[in-house]
Amino acid sequence: MDEQRVVRVSKYLAKHLRHQPDRIGITLDPYGWVEVDVLLAAAAAHGFPISRAELERAVADNDKRRYAIEGGRIRASQGHSVSVDLDLPVVEPPTVLFHGTVARSMASITAEGLRPMNRHHVHLSPDRETAARVGARRGTPVVLVVDAEGMRASGHVFWRSANGVWLVDHVPPAFLRVTGDAGGVHVRDPRGRLMKRHILTGTPGAGKTAILRWLECDGYTVVEEAATDVIALRQAQGEPQPWTKPSFVEAISTLQRRRQEQAAALPGEVQVYDRSPVCTYALATYLGHPVSPALSRELERIQAQQIYAKKVFFVRNLGFVTPTDARSITFEESLRFEQVHLDTYVSLGYECVPIAPGPLPDRVAAVKKQLEAAS
Ligand code: HQG
């Protein structure tokens, strides 16, 4: 029996065990069951003969175990639009569940939450990947995280079908979020896996920003560098050389932390950071400033919570530096700066992946290759 036939039989079963039993003159009992013999006879009588072996194969091989056979009877495990009582056990849900949908449904979902639509229940998936597959049936998937623990605590009932699909009557909008934890720092995604936050760092004037802009235009989530913005602000405030003050380091690490926390709400599990607190540490060392309390707390936090991937992209110098307002550094100084950065990252257990000088497309491709390999 070939795969195509298995799929055709499975679809036929879905149609008549979930949605239109009357179409072939069968009646499901209140729990959705029908005698296998009755089903096979009805199918044959309506021009779609299925052998018993084919039926068993379609049930056993079904990727999602959509059907259950028990005591000579068969039923769909979930997904009905006809009225049946699946008599499922009420089960304690995990902390979070997932729902895969598409962008065009989001306005309505945000307003009224998830509704069963044509089915009896809202279907939730136990993991992000399954939810993404469910959403992908309709277009580019949007995965929603459902605060199942919060729902249970406020009295919502959860059932689980025989094939592991979680069912609820409704998910109010308050228990939904597109991605990210409820608040604050997003250390792990809701399944407890580490988020993939990658640092792009390097020598001043080495072309880091162009690489980032390219990645951003290609759809990667990019988190901006803090130091250049602190410099720009302070210069606008009438301080031509803000880096000469020790408070400069404090200001950068505070902004860095804020941006990292805000990035928790951004879509995408992969984020590319333009520098990190480790760079700020290297900068303090290079400038001879003390490590401020905010910076030292940040360094401890990113270490303890494993905020960033240990492989760091290091954009190597081009052999020259073009000075700008925010970057008044000679090439020799930039080499010292480069070395301090490399040493600092290595001393904190990071591995620097060099992005060698070369044409921009090659450098972008080198970063992307690593990003893809890491995800
Ligand atoms: C969306 C497949 C607007 C919802 C899959 C979904 C699954 C709303 C669609 C199973 C909404 C309903 C179920 C609201 C929900 N406003 N749109 N308030 N609330 N929606 O097919 O979850 O192959 O009934 O996001 O693998 O996509 O049949 O539900 O896009 O397990 O075994 O309305 O169906 O399994 O679509 O899929 P569905 P679903 P089977």
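Residues numbered from 1 in each chain as written. Predicted model: local features only at pLDDT ≥ 70, side-chain atom pairs only at ≥ 80, totals over all residues.

1. A look at the sheet that holds strand 13 (residues 311-315)
Inference 1: Pairing within the open sheet is parallel, and its five strands lie in the order 11-12-10-13-14. Edge positions in the sheet fall to strand 11 (221-223) and strand 14 (351-355), since each has one partner strand and no second. Adjacent strand axes in the sheet meet at a mean angle of 30 degrees, parallel and antiparallel pairs treated alike.
Inference 2: As defined by bridge partners, strand 13 adjoins strand 14 across five bridges and the pair is classed as parallel. Residue pairing across strands places phenylalanine 313 opposite valine 353, the latter belonging to strand 14. (Pairing = 2+ DSSP bridges. Helix = DSSP H or I, 4+ residues; strand = E, 2+ residues; numbered from the N terminus. Axes fitted to C-alpha atoms, helices over the stretch in contact; angles between N-to-C directions.)

2. Thoughts on the domain arrangement of the protein chain
Inference 1: For the protein chain, the domain assignment lists domain 1 (3-76), domain 2 (97-179) and domain 3 (185-374).
Inference 2: One C-alpha centre belongs to domain 1, the other to domain 2, and the line joining them spans 27 Å. (Domains from an automatic or database assignment.)

3. Digging into unusual backbone geometry
Inference 1: Residue aspartate 87 is not a glycine yet carries a positive backbone phi of 50 degrees.
Inference 2: Within the fold, aspartate 87 resides in the loop between strand 3 (73-76) and strand 4 (96-102).
Inference 3: With 9 C-beta atoms packed within 10 Å, aspartate 87 lands in the exposed category.
Inference 4: In this structure, methionine 117 takes a positive phi of about 55 degrees despite not being glycine.
Inference 5: Structurally, methionine 117 can be placed in the loop between helix 4 (106-112) and strand 5 (122-124). (Buried ≥ 20, exposed ≤ 12 C-beta atoms within 10 Å, placed from the backbone.)

4. Describing the environment of lysine 208
Inference 1: Considering the arrangement of structural elements, one finds lysine 208 in helix 7 (residues 208-217).
Inference 2: Lysine 208 gets classed as buried once you count the C-beta atoms within 10 Å, which come to 21.
Inference 3: The spatial distance from the C-alpha of lysine 208 to the C-alpha of arginine 316 is 8.9 Å, given a sequence separation of 108 residues.
Inference 4: Residues within four places of lysine 208 in sequence aside, it is in contact with Leu200, Gly202, Asp274 and Val315. (Contact = placed C-beta atoms within 7 Å.)

5. Looking at the nonpolar core
Inference 1: Leu200, Val230, Ile252, Phe313 and Val315 are the most contacted members of the largest nonpolar core, which totals 39 residues.
Inference 2: A per-element tally of this core places helix 10 (residues 277-287) first, with six residues.
Inference 3: Residue contacts for leucine 200: discarding those within four places in its chain leaves Lys208, Ile211, Leu212, Val272, Tyr273, Asp274, Phe313, Val315 and Val367.
Inference 4: In this structure, Ala131, Ala148, Phe158 and Leu167 belong to the second largest nonpolar core, which totals 20 residues. (Core = buried A, V, L, I, M, F, W, Y, C linked by C-beta atoms within 7 Å.)

6. Examining the sheet that holds strand 7 (residues 159-160)
Inference 1: A sheet is described by the order of its strands in space; here three strands give the open sequence 5-8-7, paired in antiparallel fashion. Every other strand in the sheet has two partners, leaving strand 5 and strand 7 as the edge strands with one partner each.
Inference 2: Relative to strand 8 (residues 166-168), strand 7 runs antiparallel, the two being bridged by two bridges. When the bridges of strand 8 are listed, arginine 160 appears paired with tryptophan 166.

7. Quick look at the environment of arginine 259
Inference 1: Relative to the helices and strands, arginine 259 is located in helix 9 (residues 247-262).
Inference 2: According to the C-beta neighbour criterion, arginine 259 is partly exposed, with 16 such atoms within 10 Å.
Inference 3: Residues arginine 259 and valine 223, spaced 36 residues apart in sequence, show a C-alpha to C-alpha distance of 7.1 Å.
Inference 4: When neighbours within four sequence positions are excluded, arginine 259 is seen to be in contact with Val223, Glu224 and Ala226.

8. As for the pairing of strand 3
Inference 1: With two bridges joining them, strand 1 (residues 34-35) and strand 3 adopt antiparallel strand pairing. Across the sheet, residue valine 34 finds its bridge partner in strand 3, namely isoleucine 74.
Inference 2: Both strand 2 (residues 67-70) and strand 3 contribute to a ladder of four bridges, which runs antiparallel. From the neighbouring strand, tyrosine 67 faces strand 3, where its bridge partner is alanine 76.
Inference 3: Hairpin connection of strand 2 to strand 3: two residues between the antiparallel strands, including glycine 71 at a positive phi of 55 degrees.

9. Points about the site of the ligand
Inference 1: Lining the immediate surroundings of the ligand are 17 residues, of which Thr101, Ser105, Ser108, Met117 and His123 lie closest.
Inference 2: Examining the composition of the shell around the ligand, we find that three residues originate from one element, helix 4, more than from any other.
Inference 3: Taken together, the residues of the shell around the ligand sort by class into five nonpolar, six polar and six charged. (Near = placed C-beta within 6 Å. Nonpolar A, V, L, I, M, F, W, Y, C, P; charged D, E, K, R; others polar.)

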